[in-house]
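These are the residues of each chain, in order.
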Amino acid sequence: MNVSKYKALLTAVDLGSFSAAAQKLGYTQSGLTHMMNALEDELGFSILSRGYFGVKLTPGGERIIPKIRELVAAEDALYNEIELVKSYGDNIIRIGVFSSMAQTFLPTIIERFSEEYPDVAVNIQTGTVAELYGGLNDGRFDICFGSKNPKYDFKWTYLFSDRFLAILPKAYPVKDGVFPISAFNGTKFLMPGLGFDDDIGAVFSEYGVHPFVTPTYVDDPAIISMVEHNLGVSMLSELILHGLRGDVQTVPIEPFVARELSLAIKQDKVLTLPMKRFIAITKECARAMKKA
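A few points on the structure. The structure presented is a predicted model; accordingly, all values stated were derived computationally and were not measured. (Residues numbered from 1 in each chain as written. Predicted model: local features only at pLDDT ≥ 70, side-chain atom pairs only at ≥ 80, totals over all residues. Heavy atoms only, no water.)

1. Quick look at the pairing of strand β11 (residues 248-254)
As defined by bridge partners, strand β6 (residues 154-169) adjoins β11 across five bridges and the pair is classed as antiparallel. Looking across to β11, one finds that Ala166 is bridged to Val251. Relative to β11, strand β7 (residues 179-180) is paired through two bridges, and the arrangement is parallel. Residue pairing for β11: Phe179 is matched across the bridge by Ile253. (Pairing = 2+ DSSP bridges. Helix = DSSP H or I, 4+ residues; strand = E, 2+ residues; numbered from the N terminus.)

This is how it looks when you write it as structure tokens:
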């Protein structure tokens, strides 16, 4: 099967239109339609519904689209790695990181490291929990930044706590400026996907909280928008909320609940001197953040 067909499929799905996807990819609309028909023939079932609304996934398409995204991401990562090896040889540190940490915590570390090691490339990729920790496990990453997860047997270095806040509609009643964790009981709760449900699920389990959970497969701005439109309540961390806006309340949860943001490496990972220095700088920056 040709991965270019999968890339074209993702473009059509994301844009919701064959014509828009064809224009972006430089195909004719009939050529893109023929490609999608050929892909469905290869798979043996329909993956797209066509209509006046444009295109959208069938139930079968919904089931396989996460794996298709993983396949396309893996191919992109492979070619990216090939180009890095051509350019830098072994002088590469490959990092997987949550997007929230890439936007806030990581730039200072890379700036300091690059001053000391200007000839070492730092390759950064963001992704879901499964993508990051799966990539660390199979050797695609040297170091990962994320929340400590007991499902993965890595060497974990605690960095700092990232407090969770309740995400509530504007009119939602809040007393004394805090939201008791028990108040989630019985609520319609929009559970963030992409693996972050592990962190929130652990909090609910610890405190015996049982909301009516609606799983989602959308990004954080979409969660905020859904809460804004009174579709439920949710919980996100302060780092995730950094720079995000919405007509919602972000209320401290009582008692304090947080995810443990950490640095992870494989148990048997042999670290180069630049990697060791990168980790040392990371620890220094984490200590400075906790003091601030």
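Structure's up, so let's keep going.
2. Section: the pattern of salt bridges
Close approach of charged atoms allows side chains with opposite charge to pair. Overall, the coordinates contain 15 salt bridges when judged by the stated rule. Its salt-bridge partner being Glu75, residue Lys7 comes within 3.0 Å of it at the nearest N-O pair. Highlighted residues: Lys7 in helix α1 (residues 3-15) and Glu75 in helix α4 (residues 59-88), separated in sequence by 68 residues. Among the residues examined, Lys7 registers a relative accessible area of 29% and is labelled partly exposed. Between Glu284 and Arg112 there is a salt bridge, with its nearest N and O atoms 2.5 Å apart. Of this pair, Glu284 sits in helix α11 (residues 273-291) while Arg112 sits in helix α6 (residues 106-116), and the two are 172 residues apart along the sequence. (Salt bridge = Lys/Arg side-chain N within 4 Å of Asp/Glu carboxyl O. Buried < 20%, exposed > 50% of the residue type's maximum accessible area, 1.4 Å probe, protein only.)

3. Some words on the pairing of β6
Relative to strand β12 (residues 258-266), β6 runs antiparallel, the two sharing nine bridges. The residue of β12 that forms the bridge with Trp156 is Ala264.

Purely geometric numbers; function is a separate question.
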